[in-house]
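Letter by letter, the chains look like this.
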Amino acid sequence: MSYDVAIIGAGVIGALTARELSKYRLNVALLEATNDVAMGASKANSGIVHAGFDAMPGTLKAELNVKGCAMMPELCKTLSVPYKNNGSLVVAFSEEEMETVKELYNRGIKNGVPHMKIIGKDELKAMEPNLADNVCGALDAQSAGIVCPYELTIAATENAVTNGVEFKRNCKVTAIDFNNGEFTLATTAGEVKAKYIIDAAGAHSDEIAKMIGDESVKLVIRRGEYFILDKAVGNTVSHTVFQCPTKMGKGILVSPTVDGNLLIGPTAEDIEDKDDTSTTPEGLKTVKTFSVKSCPSVSTRNAITSFSGLRAHPVSDDFILGPSKVNAQFIHASGIESPGLSSAPAIAEYLADIITKAMGGVEKNGSFNGVRHDVFRFRHATDEEKKAAIEKNPAYGRIICRCETITEGEIVDAIKAPAGARDVDGVKRRTRAGMGRCQGGFCGSKVVEILARELGTEVNTITKFGGKSNILFDKTK
Amino acid sequence: MLNYDLVVVGGGPAGMAAALKAKECGVEKIIILERAETLGGILEQCIHTGFGLHYFGEELSGPEYAAKFIAEVAETDIDVKTDTMVLDISETNLVTAVNKADGLLKIQAKAIVLAMGCRERPRGALEIAGTRASGIMTAGTAQKYVNIDGYMPGKKVVILGSGDIGLIMARRMTLEGAEVKVVCELMPYSGGLTRNIVQCLNDFNIPLRLSTTVVETHGKDRLEGVTIAQVDEHLQPIESTKEYIECDTLMLSVGLIPENELTKNVGIGIDRITNGAVVDEMRMTDHPGVFACGNVLHVHDLVDYVTLESQIAGEGAANYILGKGSKETVYVNTTTGNGVRYLVPQRVNIKNENDVKLYFRVGRIFKNAKVVLECDGEIISSKKKVKLAPGEMENVIIPAATLAKMTKDSSIVVRVEE
Amino acid sequence: MKKELTCVACPLGCSITVEYDGTEVYSVTGNTCKRGDAYARTEVVNPTRSLTSSVKVNGGIHPVVPVKSSCAVPKTLLFNCMKEINSVSVDAPVKLGQVIIKNILGTGADIVATNND
């Protein structure tokens, strides 16, 4: 099969770009090296939609962040993705830091960030009473929000597939050839031909670029560690609370999540191994120390889990977007570190624009439907809706995950969805089964059973997240 | 909407015993709501023996112990709905539940017995650094895989936590052909029964490393190993003692937490130490007509005690429904003295005309100590104990005669004297 | 000879002291019941353990049914008994109490089902 465009990497950038391209009459393939979408940086980041005052004026980061932040509420509504416009605060603990806050404000103005103001201690403490007593003031950016990054990726992929994009999982690109104006990609799932490539392979995008002889992508892999705290302390703050930024990033934040938990982190540590998403005792300690500085009441005694995520920091310090100097049909989408998630909707438009202009006069896809309806979520339904749903499908009456109240019906839906779940973590990200207090202690084995049944396979072939992450060995008898 | 005198939430040993006792006491319409496919609760996967010695005078396996109660329930007109999850209990004791066959159920209860049991503490609460590989699971989850589903969840196993489930699983995995490399325990003493250390670890030469914890997990897909380390007196890992152990499975047996989400939603008061409801001697919570018993109230080490406690709750619920029991209520709180971590019940109606048994756990190991019950400054009983350990639940009885002399300002203290 | 034991006969776990010489037991102290006495006497001479496991079920609700030895078997034979247990299967329906292996390895213990399936 020959495609017009092959997008490498089904993270939030790849997924939204695929959806954007499905608005046109193009054959698009979305190639993912692992067993699911959102398995890299899109799975494990802060989930913040930044207002856009961090990046230097004139950069792609500045332009696309402000634009993406403005697009996010409507996009999330269209795709039924949880988003909340909770606003952000950059908190200063000294007069010196108040200067930084002013600098950020001025930068924000230059970048075109709306609805910002600098507030003093009293107003700040009135807004967020759980902040430390030694705060001096803050930059209040009302356009900032929070979003679930993997749900956005999942929803975008689903919608792209519904609109004709072909999603290929476990399809790792190993080599790229270029002949007669067309690329031939050797992958772990067979050969793929495409006229254009969009390299959205995240931490591995430099390796992909090298496959066409483009050595220009220079990345440093930076790891961030986080804790998720129980919903019982989810309302410690209502805004996303940052400390003043350093050259390693935006520092440790304390933020509610769209699911009602509290998120603290990330650390910032440059690492060699591009897939090393382990947490470290030192990193977790750093998160604890710095989050307490903002909110003294935050305690990891309430932690339900910790995790780490990788971001591909570009040495150039700006997003790498656009045609390769080696081959103009190879489009870079690299170095998408923060504010990458915030910018993602704008990046997708930016990339689609490059492709359609380069191809010249691409017809619109008349049957494109950008709306993705949310699946039935038992826990959010009214009694009447629950009754009706169970009548239609009794599986909605069987609770599998007790902590989050997730039904068998929802799990089956997640497996059967376009680009649906194939492993336990995939079910978890789509339904929240196993994401609660017991972390899958009770429902884990049932999810494995349902996956095996729906996929028509033995339970010991079911994995946690693809690869060799099997959960069970042989039968005991 | 359905109407029942008594709704029992949970069909494990606690729920069944409470329902049967209430029936025996004359309650007419009783229903048990159980979220699993069968009655029996966690006993169904506890296929080892050691159950029933106190209550039945014979040593039974978990399913055998449960089967006796399941058979008894079947002989009564107690209604049972399995595969049914209770979603909510209202202020007015209206129970909302759901299952495949009935859809959304609304049941108005005169009284409710909470018997939801407990869950295991997961990894997240432990702050173990490292990868998120597969092969890290609680001992109870592993137990279900082996004993119910018939699959091996691991071949080379490290167990963190020496609670009874961890010890039992060490033996179970060994017998099924796995290699259990070590059992690590953060505390300087085991949280499990001594007999389980003997017959589950010592019998198979499985080392038990006290004051030791797992600090890091390794392996990207499946677990490949763990780093363990000894801890200092503040339970902090000692860097120089770090040691890598190759394994494909890490089982966690690091504590049980009563499952009180429903309880909390009703607004029932929770004891911060037991993580269960605050109850009186009939196991009634501070919400009239709502009782709690078994592991949802406080974690027991013997199911026999769960049964006995649940019978009290069943009788309490029956009294409440039928308007029997003590006519007057004057509560005196029970107070933990030296060495005692918690007491259940947390308060006693002194107008109750019977002896009241207080269950408790100690906070550390005591040798050749005395358990003292002191009421209004007077020592009521002082019992010698060769050994007291946090892993073993103890009890002491307040005689009815002592209660009869009390007033609302009285005190009830249990303490350990060395 | 004097030996300190922890009784495994029940969850109480009494600390028992046994005085013995070879196979002759002089005294058992520290036990709180008859079972403890019996345990201590066999433990120093020929230790035995009750064994629980599971047996494959053909056509049942679950793939395996739990089993136990009807009485304790010599500790040294535990793994040999496991081999026997792993080599058999039973057709559904299985009744609680049903004997699956009679007199396993001549120990006098039967392997019986401890649940229905």
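The structure displayed is predicted, hence computed values, not measured ones.

Caption draft 1: Broad picture of the environment of V45(C). All names here are of chain C. Checked against the element boundaries, V45 lands in helix α1 (residues 34-45). Judged by the 14 C-beta atoms lying within 10 Å of it, V45 is partly exposed. The sequence separation of V45 and V25 amounts to 20 residues, and the corresponding C-alpha distance is 8.7 Å.

Caption draft 2: Quick peek at helix α11 (residues 424-431) of chain A. Residues and elements named next belong to chain A. The element α11 is extensively covered by neighbouring structure, given that eight of its eight residues are classed as buried. Buried within α11 we find V424, D425, G426, V427, K428, R429, R430 and T431. Buried residues along α11 sit against α5 (149-162), β22 (406-407), α10 (408-416) and α12 (444-455). Within two residues after α11, R432 carries a phi angle of roughly 80 degrees, on the positive side.

Caption draft 3: Local environment of the packing of helix α1 (residues 12-21) of chain A against helix α8 (residues 340-359) of chain A. All names here are of chain A. Interaxial distance between α1 and α8 falls to 8 Å at its minimum, and their mutual angle equals 45 degrees. Comparing the axis directions of α1 and α8 gives the class oblique. Where α1 crosses over α8, the two elements pack in a sense that is right-handed. Contacts between α1 and α8 involve V12, I13, L16, T17, E20 and L21 from the former and L341, A344, P345, I347, A348, E349, L351, A352 and I355 from the latter. Classifying every residue of the contact of α1 with α8 by side-chain character gives twelve nonpolar, one polar and two charged.

Caption draft 4: Spatial organisation of the sheet that holds strand β3 (residues 48-49) of chain A. Residue and element names in this part refer to chain A. Reading across from one edge, β3-β8-β4 is the order of the three strands in this open sheet, with antiparallel pairing throughout. Of all the strands in the sheet, just β3 and β4 (83-84) have a single pairing partner and so form its edges. Pairing geometry for β3 and strand β8 (residues 145-147), over two bridges, is antiparallel. In the strand pairing of β8, V49 is matched with G145.

Caption draft 5: Main features of the interface of chain B and chain A. With 40 residues of chain B at the interface, the matching set in chain A holds 46 residues. Counting residues per element, the side of chain B that touches chain A draws most heavily on helix α3 (residues 139-149) of chain B, which supplies six residues. Of the residues assigned to the side of chain B that touches chain A, the class counts are 14 nonpolar, eleven polar and 15 charged.

Caption draft 6: Inspection of the interface of chain C and chain B at higher detail. Counting from both sides, the interface comprises 23 residues of chain C and, opposite them, 23 residues of chain B. Looking at the side of chain C that touches chain B residue by residue, the classes come out as ten nonpolar, ten polar and three charged.

Caption draft 7: Local environment of the pairing of strand β11 (residues 182-187) of chain A. Residue and element names in this part refer to chain A. Note that strand β10 (residues 173-179) and β11 share six bridges and pair antiparallel. Bridge pairing links F178 to F183 in β11. Adjacent in sequence and paired antiparallel, β10 and β11 are bridged by two residues, among which N180 carries a positive phi angle near 45 degrees. Pairing geometry for β11 and strand β12 (residues 190-199), over five bridges, is antiparallel. In the strand pairing of β12, T187 is matched with G190. Linking β11 to β12, which pair antiparallel, is a turn of two residues.

Caption draft 8: Highlighting the confidence of the model for chain C. Here chain C shows a mean pLDDT of 93. Residues at 70 or above account for 99%. Reported confidence for the predicted complex is 0.92 by ipTM and 0.92 by pTM.

Caption draft 9: The arrangement of the domain arrangement of chain A in detail. Each assigned domain of chain A is listed here: domain 1 (2-42 + 150-218 + 317-359), domain 2 (84-145 + 220-312) and domain 3 (378-461). Taking only C-alpha atoms into account, the centre of domain 2 of chain A sits 32 Å from that of domain 3 of chain A.

Caption draft 10: Representation of the nonpolar core. Grouped together as the largest cluster of nonpolar side chains are 292 residues, with contacts concentrated most on L6(B), V8(B) and V113(B). No other element matches α8(A), which puts nine residues into this core. Beyond its immediate stretch of four places on either side in the chain, L6(B) contacts A22(B), V27(B), I30(B), A109(B), K110(B), A111(B), V113(B), A317(B) and I321(B). By size, the runner-up hydrophobic cluster in this structure holds 16 residues, among which are V55(C), V64(C), C81(C) and I104(C).

Calculation rules
The residue count restarts for each chain, going from 1 along the sequence in the order it is written. Throughout, the order in which chains and ligands are written sets their labels, letters from A for the former and numbers from 1 for the latter. Only residues with pLDDT of 70 or above have their local features reported here, since the model is predicted, and side-chain atom pairs are shown and tallied only from 80 upward, although totals for entire chains, interfaces and linings are computed over all residues. The helix count covers DSSP runs of H or I at least four residues long, the strand count covers runs of E at least two residues long, and both are numbered beginning at the N terminus. Whether a residue is buried, exposed or partly exposed is read from the other C-beta atoms within 10 Å of its own C-beta, which are placed from the backbone; 20 or more gives buried, 12 or fewer gives exposed, and intermediate counts give partly exposed. Contact between residues is assigned whenever the C-beta positions, reconstructed from backbone atoms, fall within 7 Å. Each axis is a line fitted through C-alpha atoms, taken for helices only over the stretch in contact, and angles between the N-to-C directions span 0 to 180 degrees. Angle categories: roughly parallel below 35 degrees, roughly antiparallel above 145, roughly perpendicular from 65 to 115, and oblique for all the rest. In this scheme the handedness of a crossing depends on how the near helix is turned from the far one: anticlockwise by less than a right angle means left-handed, clockwise means right-handed. Each residue is assigned to one of three groups, with Ala, Val, Leu, Ile, Met, Phe, Trp, Tyr, Cys and Pro labelled nonpolar, Asp, Glu, Lys and Arg labelled charged, and all others, Gly among them, labelled polar. At least two bridges found by DSSP between two strands is the condition for calling them paired. Per-residue confidence from the predictor is given as pLDDT, running between 0 and 100. What fixes the domain bounds is an automatic or database domain assignment. The nonpolar core criterion groups buried Ala, Val, Leu, Ile, Met, Phe, Trp, Tyr and Cys residues into a set whenever they are joined through C-beta atoms within 7 Å.

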